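Spelled out from the first residue to the last, the chains are:
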Amino acid sequence: MDSTLSVGEVAKRSGIAVSTLHYYEEKGLIKSMRTSGNQRRYHRSILRRVAIIRIAKQAGISLQLIKAHLEKFPTKEVSPADWQQMSSDWRAMLDERITNLTQLRDKLDSCIGCGCLSLRDCPLRNPDDKLGETGAGARILELEKKL
């Protein structure tokens, strides 16, 4: 039995477009072999690699970071233990992102409808706003007018 798949077969089985596979290959995330007729062929293990890429992308992980982790396994199939290590590495980053987004969401409640410049200070737009302590609006422009 042939252990390779055509680009069309990989696309069909993984649920992504052929053009996306070409893009992943161009970016160094996956590798193919070439037949004597210059057709791409992928080892069956590519399906797991593509699944990892799709899952990581859904979690908001950049292709650059995905590539950096996949480069640790350049020639071998990614095992469940390898996946566990990758997901563990990404967990802290995702937890931090969740915390930041939760804080942003909670701060939005006090901001909606304010028009920003009408607030005395804006912790979202300018969290370390020292000039905001002197009043709302464009404080630097007021200072320049006085000079």
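Residues numbered from 1 in each chain as written. Predicted model: local features only at pLDDT ≥ 70, side-chain atom pairs only at ≥ 80, totals over all residues. Heavy atoms only, no water.

A. Focus on the overall build of the chain. The number of helices and strands found in the chain is six helices and three strands. Along the chain direction, N to C, the helices and strands of the chain fall in the order β-α-α-β-β-α-α-α-α. Across the 147 residues that make up the chain, the buried fraction comes to 25%. The long-range share in the chain, meaning contacts at least 24 apart out of those at least 6 apart in sequence, stands at 48%. Of the roughly 10,200 Å² that the chain leaves accessible, carbon and sulfur atoms contribute 53%. (Helix = DSSP H or I, 4+ residues; strand = E, 2+ residues; numbered from the N terminus. Buried < 20%, exposed > 50% of the residue type's maximum accessible area, 1.4 Å probe, protein only. Contact = heavy atoms within 4.5 Å. Areas by Shrake-Rupley, 256 points an atom, 1.4 Å probe, with all protein chains shown as cover.)

B. Expanded view of the nonpolar core. Counting 23 residues, the largest nonpolar core has L21, I30, I66 and L70 as its most contacted members. If you list the elements that add at least two residues to this core, you get α1 (7-14), α2 (18-26), α3 (46-58), α4 (63-70) and α5 (80-108). Broken down by element, this core gets its largest block of residues, six residues, from α3. Non-local contacts of I66, meaning those with residues more than four positions away in its chain, are made with L29, I53, A56, K57, I61 and W90. (Core = buried A, V, L, I, M, F, W, Y, C linked by side-chain atoms within 4.5 Å.)

C. Spotlight on α4. Of the positions making up α4, those classed as buried are I66, H69 and L70. Down the axis of α4, the buried set is contained in an arc of 95°. They therefore lie on one face. Where the residues of α4 are buried, they touch α3 and α5. (Arc of directions from axis to C-beta.)

D. View of unusual backbone geometry. Unusually for a residue other than glycine, N38 sits at a positive phi of about 65°. By the element assignment, N38 lies in the loop between β2 (33-34) and β3 (40-43). For N38, a relative accessible area of 52% gives the class exposed.

Shape is all these values report; function is a separate question.
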